[in-house]
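Tertiary structure, described
For reference, the chains in residue letters:
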Amino acid sequence: MRRPRLVERLTLGMQVPVTLVNGPAGAGKTLLVADWIAMEESPSRPAWLTVETEDNAPGVFWTYVLEAMRRLGLGPPDTVGSPARPGEVDHSLLARLAAHLGELTEPVVLVLDEFDRVAGSTEIADELEFVLRHVGEGLRLVLISRTEPLLPLHRYRAAGQVTDIRGADLAFRQEETAELLNRHGMHLSDRGVRALTERTGGWAAGLRLCILAAQRAEDPDIFLKNFEAGQSTLADFLLAEVLDTQSAETQDLMVRSSILEQIHPDLANALTGRDDAHPILAGLRRANAFVGPVGHSWYRLHPLFAEILRVHLRVRCPGLEPELHRRAARWLSEAGRFAEALPHAAAGGDWERTSHQFVEELAIGQLLTGLDAERLDRLFSQMPPATPGPAADLVRTARHLTRHDVDRGLDHLRRAEDNLHYDGPPSAALRLSCAELRVLAARMTGAADLAEAAAQDVEAARRAVPAERLEAHPELRALMLTDLGSAQLWAGRFDAARSTLSAAVRLHDGPHTAFPRHECLSRLALIDFLRGWPDRAERHAREAVAEAERGGLPPATRTGVAQLVLAAVALDRDELTAAHANLDQAAASTAAAHDPIVLAGLSLLRSRLLLAKGNPEGALHVLDELEEPHAVAEPSPWVSDRTALTMAGAHLAAGRPEVATEILGKDRAAGPESVVAAARARLAVGAVEEALELLGSLPGGPEDGPAITTRVLLARAQAADALGDSSAAERLTARALSTARPARLRRPFVEAGPWLRHLVRRRPELTRGHDWLPPALLGHTRVPHAHDTGPGLLTEPLSGREHEVLERLAQTMSTEDIAADLHLSVNTVKTHLKNIYRKLAATRRSEAVRHARELRLL
Amino acid sequence: MRYEIRVDGEMSHTMTEAFPELESVVAPGQTVLSGQIADEVQLYGLLTRFQSLGLHVVEMRRLHE
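Here we summarise the structure given alongside this text. The shown structure was predicted, so the numbers you read here are calculated from the model rather than taken from an experiment.

A separate point is the overall build of chain A. A count of helices and strands for chain A gives 45 helices and 7 strands. With 858 residues in all, chain A has 56% of them scored as buried. Long-range pairs, those at least 24 residues apart, make up 68% of the contacts in chain A between residues at least 6 apart in sequence. Surface exposure of chain A reaches about 35,800 Å², of which carbon and sulfur atoms provide 51%.

Here the focus is the pattern of salt bridges. Residue and element names in this part refer to chain A. Inspection of every chain in the model, using the stated rule, returns 68 salt bridges over all chains. Two residues, Arg 493 and Asp 449, come together in a salt bridge whose shortest N-O distance is 2.8 Å. Here Arg 493 is found in the loop between helix H26 (474-490) and helix H27 (494-506), whereas its partner Asp 449 is found in helix H24 (residues 448-463), with 44 residues between them in sequence. Each of Arg 443, Asp 483, Glu 519, Arg 523 and Asp 595 takes part in one network of salt bridges that share partners.

It is worth spelling out the interface of chain A and chain B at this point. Taken residue by residue, the interface counts 13 residues in chain A and 17 residues in chain B. Of the roughly 1,300 Å² buried where chain A meets chain B, counting both sides, 63% is carbon and sulfur surface. Joining chain A to chain B, the criterion identifies 0 salt bridges. Scanning the region where chain A abuts chain B turns up 0 residue pairs in polar contact (both at pLDDT 80 or more). Mapped onto the side of chain A that touches chain B, the elements with two or more residues apiece are helix H12 (234-244) and helix H16 (303-316) of chain A. Looking at which element gives the most residues to the side of chain A that touches chain B, the answer is H16 of chain A, with 6 residues. Class assignment of the residues belonging to the side of chain A that touches chain B gives a composition of 5 nonpolar, 5 polar and 3 charged.

To continue, consider the pairing of strand E1 (residues 2-8) of chain B. Residue and element names in this part refer to chain B. Of the pairings in the sheet, the one linking E1 to strand E3 (residues 30-36) comprises 7 bridges and is antiparallel in character. Opposite Tyr 3, over in E3, you have Gly 35 as the bridge partner. Taken together, the 6 bridges between E1 and strand E4 (residues 57-63) define a ladder with antiparallel strand orientation. Bridging across to E4, Ile 5 finds its partner in Met 60.

Regular strands place their side chains on alternate faces of the sheet. Residues and elements named next belong to chain B. When you tally the buried positions in E3, you get 5 out of 7 residues, the bulk of the element. Pairing of strand E2 (residues 23-27) with E3, which is carried by 5 bridges, proceeds in the antiparallel orientation. Looking at the pairing, Val 26 lines up with Thr 31 of E3. Linking E2 to E3, which pair antiparallel, is a turn of 2 residues; within it Gly 29 sits at a positive phi near 75 degrees.

On to the nonpolar core, then. Nonpolar side chains in soluble globular proteins tend to be buried together. Residue and element names in this part refer to chain A. Counting residues in hydrophobic clusters, the biggest one holds 92 residues, and the most contacted among them are Phe 358, Ile 364, Leu 394, Leu 489 and Val 565. If one sorts the elements of this core by residue count, helix H23 (residues 428-444) sits on top with 12 residues. Taken together, domain 4 (350-492) and domain 5 (546-777) each give at least three residues to this core, which thus spans both. Non-local contacts of Ile 364, meaning those with residues more than four positions away in its chain, are made with Phe 358, Val 359, Leu 394, Val 395, Ala 398, Ser 433, Leu 437 and Leu 476.

Residue and element names in this part refer to chain A. All chains considered together, the criterion is met by 8 aromatic pairs over all chains. Ring centres 5.9 Å apart and planes at 75 degrees place the aromatic pair Phe 749 and Trp 772 in the edge-to-face group. Of the two residues, Phe 749 sits in helix H40 (residues 747-750) while Trp 772 sits in the loop between helix H41 (754-762) and helix H42 (800-810), which places them 23 residues apart along the sequence. Given the relative accessible area of 11%, Trp 772 is considered buried. The structure contains a cluster of three or more aromatic residues connected by ring pairs, namely Phe 61, Trp 62 and Phe 115. Stacked on the ring of Phe 172, the Lys or Arg Arg 3 has its end atom at 4.0 Å from the ring centre. Across the ring face of Trp 533, the terminal group of Arg 536 is positioned such that the distance to the ring centre comes to 3.7 Å.

Relative to the elements of secondary structure, Gln 563 of chain A occurs in helix H30 (residues 561-572). For Gln 563 of chain A, the residues in contact, after removing those within four places along its chain, are Val 545, Asn 582, Gln 585 and Ala 586 of chain A.

All names here are of chain A. Unlike most non-glycine residues, Leu 362 shows phi in positive territory, near 65 degrees. Assignment of secondary structure puts Leu 362 in the loop between helix H19 (351-360) and helix H20 (373-380). In this structure, Arg 744 takes a positive phi of about 50 degrees despite not being glycine. Relative to the elements of secondary structure, Arg 744 occurs in the loop between helix H39 (726-740) and H40.

Rules behind the numbers
Residues numbered from 1 in each chain as written. Chains lettered and ligands numbered in written order. Predicted model: local features only at pLDDT ≥ 70, side-chain atom pairs only at ≥ 80, totals over all residues. Heavy atoms only, no water. Helix = DSSP H or I, 4+ residues; strand = E, 2+ residues; numbered from the N terminus. Buried < 20%, exposed > 50% of the residue type's maximum accessible area, 1.4 Å probe, protein only. Contact = heavy atoms within 4.5 Å. Areas by Shrake-Rupley, 256 points an atom, 1.4 Å probe, with all protein chains shown as cover. Salt bridge = Lys/Arg side-chain N within 4 Å of Asp/Glu carboxyl O. Buried area = accessible area lost by both parts, 1.4 Å probe. Polar contact = N/O pair within 3.5 Å; in protein donor to acceptor, adjacent residues only side chain to side chain. Nonpolar A, V, L, I, M, F, W, Y, C, P; charged D, E, K, R; others polar. Pairing = 2+ DSSP bridges. Core = buried A, V, L, I, M, F, W, Y, C linked by side-chain atoms within 4.5 Å. Domains from an automatic or database assignment. Phe/Tyr/Trp six-rings, centres within 6.5 Å; stacked < 30°, edge-to-face > 60°. Lys NZ or Arg CZ within 6 Å of the ring centre and 35° of its normal.

Next up, the structure:
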């Protein structure tokens, strides 16, 4: 039935960003909006999304919103991306969406029906508000809801930015009731119409039920008279009346199906134990009573009626509910619909079968990644500890491992392996799931051998599973390769890790594989960096970040490895501010607390950053914790190497080459950079022959990137310089410079030592055309003598107070002004100034400021 | 905390079964439900249940014991 007065308001509503259609269940909200669209009164075909309770995870919600828009061909293009996680969605994705909508010629109308189902989620409300704020005229939001959304409605209302259609507006007026009755061939007197409208409060569902009941009553007039005079609550009375007029089979089907969100005829048959659901549901749909179609032969009970029918079920068939839930769980999990099956399994207590089915359907990876992960995890959290069977233990393993609880994860994994033959010979799916989790556990304990062995078991099990079933679960392969590659990387098997991770990146991409892709690209970047290829490392790290953004992953949920690599590359380029920023982002990742690679990387880079800022003792202090053996993981050879290398660098900078030698001597099998550091430590004590011997032992393969080659060449140049062979020193330095130029690797030159500056001062033409070098190295600035232990180093760091004084000095404030500004006496400031001059090896103010700038203290 | 909730209309016996934790008394044109409510979570849960069953709450108050 058309309701022009309300349709008009919806059309007018298109002039403001938000239209709210609020009212109780059965008020006719959805029908009204659907009718408005059908009448083509809406400006463009709207994107329609009926919100489900499961959608209150923001990632899931936005996935469906984007899908609803894409279905209409309204874009948004793939560059906007799709959420890869159920949780919070990164605002960059929403900003891209808003930008895309803002560019369209016509606003997109987005209808969110049954929005009350996610009304409790402040995240979704915040995110909707964010999009509305940034979209300009590009979006018209129509919210159909039983409750008010958590948007800042008072603000919208004050600005006239919202159209409200509320329960009182939706209520049928007398003339509308009359029209409705006419359409059903019923004619009442004016008094009768008024009484009926009053009795139902104009409530649409009540009127519809009332007409249905009257039509089926022996004498409709008497029914209506009795109804008007009655005092019963509307919904329950009317529903009971209408239900009573249905056949016993129909009643039984409706009451039993009330436990379902959506009804499929075959599922309904499973609940009734009969085979008549197809004709019954089709009949109910034709009568437009209770059920509506949702496509692909699924039906949906009107939510209000479903609630009331559930009450009837409990009264009519007490104790039957759990059994119905078990049947529904079985049917749904056999149909592969786990997200829907699990709540029924929980209600029916049939966990053994459900977990078995879950594993058999190869769904185990969905607990580890993708949009359903958190929901499945929450549902399985209700599984009692007594549920037996290897499948239940595999589910527990996956849940513990995603929480980084390796010990308990391993306990359950062992129990699952011991019970693999619990139900006879284990199926391929069971073996595959078990091996997949073994790869993950091996990764978390840094055990590359175990990971490789488990990966072979995965391959063997995969061969026994039909290809199309494997194709339906791309996440399994992506996860396995990511975990295997990570374990290989930790163990320093860089070639193997690189080929494993590259294979994972080449896999088909989708929301289920977005996170593994992001991890793989980050780790490929790390391998590039460790091999001395900063440009490639940066490229891979940026791809990893782009992949995370496309998947709407907020920074905290990313791996942190990409940011670590970017920090390391910036440090090699001597861009300390950028290095700092990237390091902070890496530390903000939640993985930072669990992933041994991130933990080690953070300490190493913090230490190197402190060293670059002239604080070798601080740099050493940061490394203390790395020396403690990790609680879970096996030690990683390259992490130990790098730790030794960084410690040695700090000791060398602090003027303790013997300590550096001793540290590096402990690990003779270390990589080229450690050999270079050892050679430099020998050079620092004048042991040139030993240094040359060390450098001569370097194989120098084609795998070594410019970051390594540059350091090797510089160490050779230093040795040549120490031997007085200045032409060789110049030649090697020139080669080092041209090797470093494309990636602008400034750090090796900055930390090379005083010999390089002396060389450059003698032969300034060496650095000609190398404007990328820091000014101190270009030969035209005299570097203060005090820093000959290494440029960029202070023999004694400035105190906080001294730094404050220095800053004011740089603003050419007078001593008196500085004293007043800092609430200090003039004499105290003079003492600070003296110390600053001493530490900066300056005799005058201008000199102190210049040196401080060169050392980037300002 | 003991609460009393008044609902518009006379609830059927079946419908009162949906609130086994509450006692119900049907008065002319109204149903009065009362019982112990542990905390706010339960209270809001109850109100949602009333709403989802199409029942209109007209009054709700806390009783002094």
